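# Analysis of the macromolecular model
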Amino acid sequence: MKVLVFGEVVDGTIQNITYELVACAKKLGEYLTLVTSDADVSSIDGRVIKVNAGETNPWHYKIVEKVIERENPDLILFGNTSSSVDIASQLSAKLPVATSVYEVSAENGEVIVKSLSYGGKIIVELKLTTPAIAVVNVGSYNAEDGKGTASVEEIEIDELGVRDGIEFLGYIKPEEEDVDISKAEVVVSVGRGIGDETNIEMAEELAELLGGVVAGSRPIIDQGWLPKTRQVGRSGKTVTGKLYLALGISGATEHVEGVKAKNVIAVNTDKTAPIFRVSRLGIVADVNELLPTLVDKIREIKEG
Ligand SMILES: Cc1cc2nc3c(=O)[nH]c(=O)nc-3n(C[C@H](O)[C@H](O)[C@H](O)COP(=O)(O)OP(=O)(O)OC[C@H]3O[C@@H](n4cnc5c(N)ncnc54)[C@H](O)[C@@H]3O)c2cc1C
């Protein structure tokens, strides 16, 4: 089995998903990574083909096509992120594509994937006719396993004979820089159960004590209690750190899709809340009663 990983670069930096995909590819057989920008690729484990075509953008699918022709991989892995999906979708006219994949295996030359369907309500197992594409969810594999030493082969864009169709002019960044919740190790997340905007202050205090950041479910963002950059879930960000504290969050599928932290602790007054199904520890309590006690206790421990 030969696997080609599409290495994702944003603003000149290799994204963590690239290492996760390499970790996945390593388990399947021979593997190589394609990076279509001038990023520093030295920490990607194994063979890397680098084509300097500026920042990753949708027309780079043409480069992927050429590298597929050249390398003949059985499987091409993309991350389930907006920029990688833009590219994978353009290749879907020619190759079978499985999306929302969280596990890939290879048996007797066949690719089997497990993927989430209907917004995560159903898990499906699919056999793909190779060559095929799997779009893998963030957090499915351990990024550390994909880091190592790269053996880099640089190819000039002219050698591939592709012409760019889109010129990348730059990122339009939000005016106010905000923390990136997808990179935080500890996320204290609040949901509608928090009741009132003023209660977020306590969650912020807890986050500060734990060295983490505050995030929220969609209703919290929609009400303007936290900025859009702090939304966890399908239409927000995916959190992948060590701890996710879900305070007054019901655990709707669209929310849980963005929760890939190693440990989830949930606080909810309803013991049947779906969030408990994905939690390592569940606490049936009123979050606004528990929070002040929790903050006091942690401060006591830290100061003592
Ligand atoms: C296309 C689409 C995309 C979406 N994308 C997202 C997304 O990216 N992120 C997202 O979050 N949602 C998303 N949603 C919305 C999602 O379906 C849910 O409506 C949302 O996640 C619910 O947020 P919540 O858990 O905060 O609120 P609720 O579902 O209202 O849950 C509140 C919870 O708090 C508990 N509670 C109440 N009072 C207390 C208390 N005092 N102490 C402790 N617990 C208490 C309740 O028992 C309940 O479980 C999306 C929906 C659609 C259709």
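Residues numbered from 1 in each chain as written. Predicted model: local features only at pLDDT ≥ 70, side-chain atom pairs only at ≥ 80, totals over all residues. Heavy atoms only, no water.

### Considering the sheet that holds strand β15 (residues 263-268)
Note the threshold: Each pair of strands is called paired provided DSSP finds at least two bridges between the two strands. Segments assigned H or I by DSSP are reported as helices when at least four residues long, segments assigned E as strands when at least two residues long, and all are numbered from the N terminus. With axes taken as lines fitted to C-alpha atoms, and helix axes fitted only over the stretch in contact, angles between N-to-C directions fall between 0 and 180 degrees. Note on contacts: a residue pair qualifies if any of its non-hydrogen atoms lie within 4.5 Å across the two residues.
A sheet is described by the order of its strands in space; here 5 strands give the open sequence β13-β12-β14-β15-β16, paired in parallel fashion. The open sheet is flanked by β13 (213-216) and β16 (281-284), the only strands paired with a single partner. Neighbour-to-neighbour, the strand axes of this sheet turn through a mean angle of 20°, independent of strand direction. Sitting on the sheet, helix α5 (residues 200-210) touches β12 (186-190), β13 and β14 (243-247), and the angle it makes with β12 is about 170°.

### Considering the packing of aromatic side chains
Threshold: Any two of the Phe, Tyr and Trp rings considered here, Trp counted by its six-membered ring, make a pair once their centres fall within 6.5 Å; the pair's planes then place it as stacked at under 30 degrees, edge-to-face at over 60, or tilted in between. Relative accessibility thresholds used throughout: buried, under 20% of the residue-type maximum; exposed, over 50%; partly exposed, between the two (1.4 Å probe, protein chains only). For a ring to carry a charge above it, either NZ of a lysine or CZ of an arginine must fall within 6 Å of the ring centroid while also lying within 35 degrees of the normal to the ring plane.
Applying the stated criterion across every chain, the model contains 2 aromatic pairs. Ring geometry for Phe168 versus Tyr171: centroids 5.0 Å apart, planes at 70°, classification edge-to-face. Overall, the relative accessible area of 30% leaves Phe168 in the partly exposed class. Residue class for Tyr171 comes out partly exposed when judged on its relative accessible area of 35%. Its end group placed over the ring of Tyr19, Lys147 keeps NZ or CZ at 5.1 Å from the ring centre.

### Quick notes on the domain arrangement of the protein
Going by this rule: Where each domain starts and ends comes from a domain assignment, either automatic or drawn from a database. Throughout, the accessible surface (probe 1.4 Å) given up by two parts as they are put together, summed over both, is called the buried area. Every case where a carboxyl oxygen of Asp or Glu lies within 4 Å of a side-chain nitrogen of Lys or Arg is listed as a salt bridge. N or O atoms within 3.5 Å of each other form a polar contact, as long as, within protein, one can give a hydrogen and the other can take it, and as long as residues adjacent in sequence are counted only when both atoms are side-chain atoms.
Domains assigned within the protein are domain 1 (2-160) and domain 2 (181-303). Inter-centroid distance (C-alpha atoms) of domain 1 to domain 2 is 32 Å. Listed per partner, the contact involves 6 residues of domain 1 and 7 residues of domain 2. Together domain 1 and domain 2 conceal approximately 490 Å² of surface at their shared face, both sides included; 56% is due to carbon and sulfur atoms. Inspection of the domain 1/domain 2 interface yields 0 salt bridges. Taken together, the connections running from domain 1 to domain 2 amount to 0 residue pairs in polar contact (both at pLDDT 80 or more).

### Quick notes on the site of the ligand
Where we set the bar: In this text, near means that some heavy atom of the residue lies within 4 Å of the molecule or strand in question. Under the convention adopted here, Pro, Cys and the residues Ala, Val, Leu, Ile, Met, Phe, Trp and Tyr are nonpolar, Asp, Glu, Lys and Arg are charged, and Gly plus all remaining residues are polar.
Among the 24 residues in the neighbourhood of the ligand, the closest are listed as Ser217, Val232, Ser235, Ser250 and Asn268. The separation between an oxygen atom of the ligand and a polar main-chain atom of Arg192 is 2.8 Å. Val287 is positioned such that a nitrogen or oxygen atom in its backbone is 2.9 Å from a nitrogen atom of the ligand. Within the shell around the ligand, the residues separate by chemical class into 6 nonpolar, 12 polar and 6 charged.

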